[in-house]
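Fold and contact review
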Amino acid sequence: MNLWRLELLRLLRTYRWMVLFGVYGFFGILGPFTAAYLDEILRRVGGEITVVVPDPRPVDGIIQFISNASQLGLLAVVVVAAAALAVDARPEIAAFLRTRISHASRLLIPRYVITTAAAVAALIAGTALAWAITSAVIGGLPAAEMIVGTVYG
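First, a word on what this report is: a plain description of the structure on this page. (Residues numbered from 1 in each chain as written. Predicted model: local features only at pLDDT ≥ 70, side-chain atom pairs only at ≥ 80, totals over all residues. Heavy atoms only, no water.)

**Some points on the layout of surface pockets**
- Of the voids in this model, the largest pocket is the one considered here, and its volume is about 350 Å³.
- Around the largest pocket, the lining comprises 17 residues; the ones closest to its centre are Tyr24, Ser70, Leu123, Thr127 and Gly153.
- Elements that contribute at least two residues to the lining of the largest pocket include exactly helix H4 (58-85), helix H6 (105-137) and helix H7 (143-152).
- Ranked by residues supplied to the lining of the largest pocket, first place goes to H4 with eight residues.
- Classifying every residue of the lining of the largest pocket gives eleven nonpolar, six polar and no charged. (1 Å grid on protein atoms, 1.4 Å probe; cavity = no way out; pocket = protein on both sides within 12 Å on 5 of 7 lines; lining within 4 Å. Points joined across faces, edges and corners; volume = space filled by probe spheres on them. Helix = DSSP H or I, 4+ residues; strand = E, 2+ residues; numbered from the N terminus. Nonpolar A, V, L, I, M, F, W, Y, C, P; charged D, E, K, R; others polar.)

**Considerations on a nonpolar patch on the surface**
- A grouping of Ile29, Phe33, Tyr37, Ile41, Leu42, Val45, Ile49, Val51 and Leu129 is seen on the molecular surface, where their side chains present a nonpolar patch of about 770 Å² in accessible area.
- When residues of the nonpolar patch are traced back to their parent elements, those giving at least two are helix H2 (16-36) and helix H3 (38-45).
- Looking at the nonpolar patch element by element, the count peaks at three residues for H3. (Patch = residues over 30% accessible without salt bridge, like charges linked within 9 Å, V, L, I, M, F, W, Y side chains within 5 Å. Areas by Shrake-Rupley, 256 points an atom, 1.4 Å probe, with all protein chains shown as cover. Salt bridge = Lys/Arg side-chain N within 4 Å of Asp/Glu carboxyl O.)

**Description of the packing of aromatic side chains**
- One pass over the structure, following the stated rule, counts three aromatic pairs.
- When the ring of Trp17 is compared with that of Phe21, the centres are 6.1 Å apart and the planes differ by 70 degrees; the resulting orientation is edge-to-face. Residue Trp17 and its partner Phe21 are both found in helix H2; the two are separated by four residues, about one turn of the helix.
- Among the residues examined, Trp17 registers a relative accessible area of 30% and is labelled partly exposed.
- Taking relative accessible area as the criterion, Phe21 reaches 31% and is therefore assigned partly exposed.
- Here the aromatic rings of Phe33 and Tyr37 are separated by 6.3 Å at their centres, their planes lie at 10 degrees, and the arrangement is stacked.
- Owing to a relative accessible area of 36%, Tyr37 belongs among the partly exposed residues under this scheme. (Phe/Tyr/Trp six-rings, centres within 6.5 Å; stacked < 30°, edge-to-face > 60°. Buried < 20%, exposed > 50% of the residue type's maximum accessible area, 1.4 Å probe, protein only.)

**A look at helix H1 (residues 3-13)**
- Among the residues of H1, Glu7, Leu9, Arg10 and Leu11 are the ones counted as buried.
- Packing partners of the buried residues in H1 comprise H2, H4 and H6.
- Just beyond H1, the residue with positive phi is Tyr15, at close to 65 degrees. (Contact = heavy atoms within 4.5 Å.)

**A short note on the side chain of Thr134**
- Relative to the elements of secondary structure, Thr134 occurs in helix H6.
- With relative accessibility at 0%, the residue Thr134 sits in the buried group.
- Beyond its immediate sequence surroundings of up to four residues, Thr134 is in contact with Pro32, Pro58, Gly61, Ile62, Gly139 and Leu141.

**Considering the nonpolar core**
- Within the largest apolar cluster, 17 residues are counted, with the highest numbers of intra-cluster contacts made by Leu20, Tyr24, Ile62, Phe65, Ala69 and Val77.
- If you list the elements that add at least two residues to this core, you get H2, H4 and H6.
- Among the elements that make up this core, the one with the highest residue count is H4 (six residues).
- Ignoring sequence-local partners within four residues, the contact set of Phe65 consists of Tyr24, Phe27, Gly28, Gly31, Ser70, Leu123, Gly126, Thr127 and Ala130. (Core = buried A, V, L, I, M, F, W, Y, C linked by side-chain atoms within 4.5 Å.)

**A word on the environment of Gln64**
- By the secondary structure assignment, Gln64 is in helix H4.
- Note: C-alpha distance between Gln64 and Gly31 (33 residues apart in sequence) is 4.6 Å.
- Beyond its immediate chain neighbours, meaning those up to four positions away, Gln64 contacts Gly31, Thr34 and Ala35.

**Here's the deal with the pattern of salt bridges**
- A complete count under the given rule lists four salt bridges for this structure.
- Its salt-bridge partner being Glu7, residue Arg111 comes within 3.8 Å of it at the nearest N-O pair. Taken together, the positions of Arg111 in helix H6 and Glu7 in helix H1 put the pair 104 residues apart, joining distant regions of the chain. You'll find Arg111 and Glu7 in the same group, each marked buried.
- One salt bridge in this structure joins Arg57 and Asp60, with 3.2 Å as the shortest N-O distance.
- On the accessibility criterion, Arg57 (49% relative accessible area) is partly exposed.
- Taking relative accessible area as the criterion, Asp60 reaches 21% and is therefore assigned partly exposed.

Put into structure tokens, the structure is as follows:
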């Protein structure tokens, strides 16, 4: 078993991938519904306060997703990456691995690349979910612009 396969199995077996997909998926669902029903939410919890909210546009669902996921999603990625890159967290395993490799970068590169790939996949899945729900609840968005925006993200 090489270090790439070991890191992929570690990501899957420790359920770190679920943290990433859970955060991005949660905001992929919550963002469009928040944009669509913001007026009703504020009316129910606002009491006697009058808040004028414009009618939701399809872009508002994606904006809600991006604003939430860019902050808390980044925090989830940092936590997962810190757990993956903590080579010396368990001294016994670190000593074993360091005696088998010639340079520390051989340990860190697979961990970094696998974690980055999982974070990118979670972002793409969350964006696709937000796009689908926005299209169903508020209105459709053009595919080309959504793909370009996701690639830039």
